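# Residue-level structural notes
Here are the chains, one letter per residue:
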Amino acid sequence: MKIDDALKEWGDYQGAEAEPADFDAFWDKAKAEVNLIGFDYELVPADFASTIAECYDLSFTGVHHSKIYAQLLLPKKSNTKHPVVFQFHGYHSDVGDWSDKLSLVSEGYVVVALSIRGQGGKSEDHLLTNGGTLKGHLIRGIEDGPENLFYRTVFQDVYQLIRIVAQLPFVDEANMMSYGVSQGGALALVCASLYPSIKRVFVQYPFLSDYRTAYSLDVTQSAYEELAYYFRFRDPLHENEKSVFAALDYVDIQFLVKHITAKVVWAMGLEDRTCHPKTQFAVYNRIQSPKKLYFYPEYGHEYLPKFTDIMHQILVEN
């Protein structure tokens, strides 16, 4: 019943706003900036021992001269090229433990987990912005226009990471996947959007979509709460409302996913009020590649049982 109701209400929903006319040009320019920086990197053995994996700290210099880090795990004693899974973490947190990635390494995968700049991990954030940044990164740079948004730099980091990893001698560039949850789910989709050679995407309840709708849906109880704080404390008369949302359109993943050619496997909790199902459908419905949606009618923004097993089985059968 809940699934039928969700499909009836949002099964054709395409978001609250049209794509900016210069959206693709905006992201072509952002990728060109990364291309100019280049794809140099450092790969240093990590202080973590494993009998099945070689573990490395991968680092590179991203936009705004920020040093960006990732965990990289490689099957030990192997001279072949390996498929890759890129992993992206949730908002505020970090890449997690090394041991979390060993099950995929044991199946022959290279695992690369990006530390998102300015959050719980080692990656730096040297972006300079004006205006308020209270309560989160979504509004960071919002008063400077879309080219100075925090998430523009994060999406650029994702693109730079993929380009670096794709050139590594032990990587099968034709067999790369992405996975993430919440913020990480959004970045898994960004990964496949900015680099359409990505083969598969696994995503749970992604963040960073359909901002006007998110703002209208009990925003202070959601991942988008900083929008409410911005207007309350920075712009109480909403004099900047149009320009704020117009800027955020450029980091709205619903407009990026048209470029995905990967097969997409998606998990959605219908009780999710952190990243509301309506904002997720705005993205899912715009994906044009093969896709499958798993519904969890009684679940919200939380651990979704069986999904990682589903992902694991698909990867093993790949």
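Residues numbered from 1 in each chain as written. Predicted model: local features only at pLDDT ≥ 70, side-chain atom pairs only at ≥ 80, totals over all residues. Heavy atoms only, no water.

By the naming in an unreviewed UniProt entry, the protein is Cephalosporin-C deacetylase, taken from Streptococcus equinus.

### So, the nonpolar core
Among the nonpolar cores identified, the biggest contains 92 residues, and Phe 86, Leu 138, Tyr 151, Phe 155, Leu 189, Ile 198 and Trp 266 are the most heavily contacted of them. With 11 residues, the single largest contributor to this core is helix H4 (residues 150–166). With residues near it in sequence (within four places) discarded, Leu 189 still touches Val 201, Val 203, Pro 206, Ile 253, Val 257, Ile 260, Val 264, Trp 266, Val 283 and Ile 287. Within the second largest apolar cluster, 23 residues are counted, among which are Ala 53, Leu 104, Tyr 179 and Tyr 205. (Core = buried A, V, L, I, M, F, W, Y, C linked by side-chain atoms within 4.5 Å. Buried < 20%, exposed > 50% of the residue type's maximum accessible area, 1.4 Å probe, protein only. Helix = DSSP H or I, 4+ residues; strand = E, 2+ residues; numbered from the N terminus. Contact = heavy atoms within 4.5 Å.)

### Remarks on the pairing of strand E5 (residues 110–114)
For E5, a buried count of five out of five residues is recorded, marking the element as mostly surrounded by other parts of the structure. Residues of E5 alternate between two faces, with Val 110, Val 112 and Leu 114 on one and Val 111 and Ala 113 on the opposite face, all of them buried. Pairing geometry for strand E4 (residues 82–88) and E5, over five bridges, is parallel. Across the sheet, the residue bridging to Phe 88 is Leu 114, located in E5. (Pairing = 2+ DSSP bridges.)

### Regarding the pattern of salt bridges
By the definition in use, this model includes 12 salt bridges. Linking Glu 147 and Lys 29 is a salt bridge whose minimum nitrogen-to-oxygen distance equals 2.9 Å. With a gap of 118 residues between them, Glu 147 in the loop between E5 and H4 and Lys 29 in helix H2 (residues 23–37) connect regions that are remote in the sequence. Across the pair Asp 249 and Arg 212 runs a salt bridge whose closest N-O atoms are separated by 2.8 Å. Highlighted residues: Asp 249 in the loop between helix H8 (241–248) and strand E8 (263–269) and Arg 212 in helix H6 (residues 211–216), separated in sequence by 37 residues. Overall, Asp 249 belongs to the buried group, its relative accessible area being 6%. (Salt bridge = Lys/Arg side-chain N within 4 Å of Asp/Glu carboxyl O.)

### With respect to H8
Residues of H8 that are buried include every one of Val 244, Phe 245, Ala 247 and Leu 248, and no others. Taken around the axis of H8, the buried residues stretch over an arc of 155 degrees, which confines them to a single face. (Arc of directions from axis to C-beta.)

### Concerning the UniProt feature "binding site: substrate" (unreviewed entry) in the protein
Within this numbering scheme, the UniProt entry marks Tyr 91 as carrying the feature "binding site: substrate" (unreviewed entry). For Tyr 91, the position within the fold is in the loop between E4 and helix H3 (102–106). What makes Tyr 91 buried here is its relative accessible area of 15%. Aside from chain neighbours lying at most four places away, what touches Tyr 91 is Gln 119, Gly 136, His 137, Leu 138, Tyr 151, Gln 183, Phe 207, Ala 223 and Glu 226. (UniProt positions renumbered as here; feature names shortened; annotations may be inferred.)

### Notes on the packing of helix H1 (residues 2–10) against helix H9 (residues 277–284)
Orientation of H1 relative to H9, taken along the N-to-C sense of each, is 60 degrees, at an axis distance of 10 Å. What the angle tells us is that H1 and H9 run oblique. The chirality of how H1 crosses H9 is right-handed. Together, Ala 6, Leu 7 and Trp 10 of H1 and Pro 277, Lys 278 and Phe 281 of H9 make up the contact between the two elements. (Axes fitted to C-alpha atoms, helices over the stretch in contact; angles between N-to-C directions. Parallel < 35°, antiparallel > 145°, perpendicular 65-115°, else oblique. Left-handed = near helix turned anticlockwise from the far one by under 90°.)

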